[in-house]
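# A look at the structure
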Amino acid sequence: RLRRAVLWADIGQPARALADLAPVLSSTSLPAWTLGRARALAIRLSPQPVWARLEAMQALLSSLDDASQLALDAPLRLQCVLWMGQTGGADAGWYQARQVLRQARLARHPGLRWAAHWTAAQAALAAGRFVAARRHAAACTARPADEVGIDVPVGRWWHALWVVWQALGEPERADAARDAGRAWVQRVLEHDLPSVHRASFVSAVPAHAALLAG
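Described in the following lines is the structure provided in the data block.

## Regarding the environment of Trp-83
- Note that Trp-83 resides in helix α5 (residues 69-84).
- Residues Trp-83 and Val-50 lie 33 residues apart in sequence; the distance between their C-alpha atoms is 6.4 Å.

The following block contains the structure:
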């Protein structure tokens with residue numbers, strides 16, 4: 001149910017995602033890792049303001065036990081970084097993104113490393129650290145095709161890089177990121193989704209809508 005809820009959320013079906021999450025969240029017998037991911041997804045899908053979701057995610061992080069460790073803790077911290085950039089905490093978010101990147105490198109965890117680079121590019125931009133933003137965005141551009149960032153949907157990956165490169169005054173790189181993201185969205189629409197979900201895949205996922213409109 002949790003895995004299906006993640007997929008529902010990624011294709012713009014939050015109500016279906018929350019329906020799958022409900023029995024997971026009410027369970028008293030699940031491992032802490034499973035329950036923690038379910039609670040984190042519920043927070044991300046919440047209609048609350050960004051600052052309230054940030055507070056809820058930080059409270060969840062503080063409640064995790066030592067067994068959760070890197071695989072759960074770090075992706076949730078990266079989500080907090082993105083929200084911190086929107087709520088006046090850009091410098092603190094930049095510092096936290098670098099911490100997670102160091103952890104990922106030490107653990108030799110490629111999925112977390114790419115997610116950290118992707119988040120760090122946005123955090124550095126929000127903090128006005130343009131050299132660092134360019135460095136992390138360039139690392140993301142060189143990502144091998146057979147590796148992906150953990151908890152980073154493909155459409156959001158390309159959309160964020162498009163935005164970062166635009167802000168850095170790199171139109172060619174921005175266009176390349178937008179074109180890659182647009183091609184992926186169109187490919188999913190044409191080949192991977194039943195027709196009933198195609199409209200929400202665009203309209204309910206802002207990154208997809210922006211890529212197609214850009």
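## Observations concerning helix α6 (residues 90-107)
- The end-to-end C-alpha separation of α6 is 26 Å, in line with the 26 Å expected for 18 residues at 1.5 Å each.
- Downstream of α6 by a residue or two, Arg-108 has a phi angle that is positive, lying close to 55°.

## Examining the pattern of salt bridges
- Following the criterion strictly, the structure yields 9 salt bridges and no others.
- Across the pair Arg-1 and Asp-20 runs a salt bridge whose closest N-O atoms are separated by 3.2 Å. Residue Arg-1 is found in the segment before α1 (2-10), and its partner Asp-20 is found in helix α2 (residues 14-25); the two are separated by 19 residues along the sequence.
- Arg-1 gets classed as exposed once you look at its relative accessible area, which sits at 54%.
- Residue Asp-20 is classed as buried on the basis of its relative accessible area of 5%.
- The salt bridge involving Arg-178 is made with Asp-179; its shortest N-O contact spans 3.1 Å.
- Accessibility expressed as a relative area gives 17% for Arg-178, which makes it buried.
- Several salt bridges converge on common partners, so that one network encompasses Arg-1, Arg-4 and Asp-20.

About the cut-offs
- Residues numbered from 1 in each chain as written.
- Predicted model: local features only at pLDDT ≥ 70, side-chain atom pairs only at ≥ 80, totals over all residues.
- Heavy atoms only, no water.
- Helix = DSSP H or I, 4+ residues; strand = E, 2+ residues; numbered from the N terminus.
- Expected span 1.5 Å × (residues − 1).
- Salt bridge = Lys/Arg side-chain N within 4 Å of Asp/Glu carboxyl O.
- Buried < 20%, exposed > 50% of the residue type's maximum accessible area, 1.4 Å probe, protein only.

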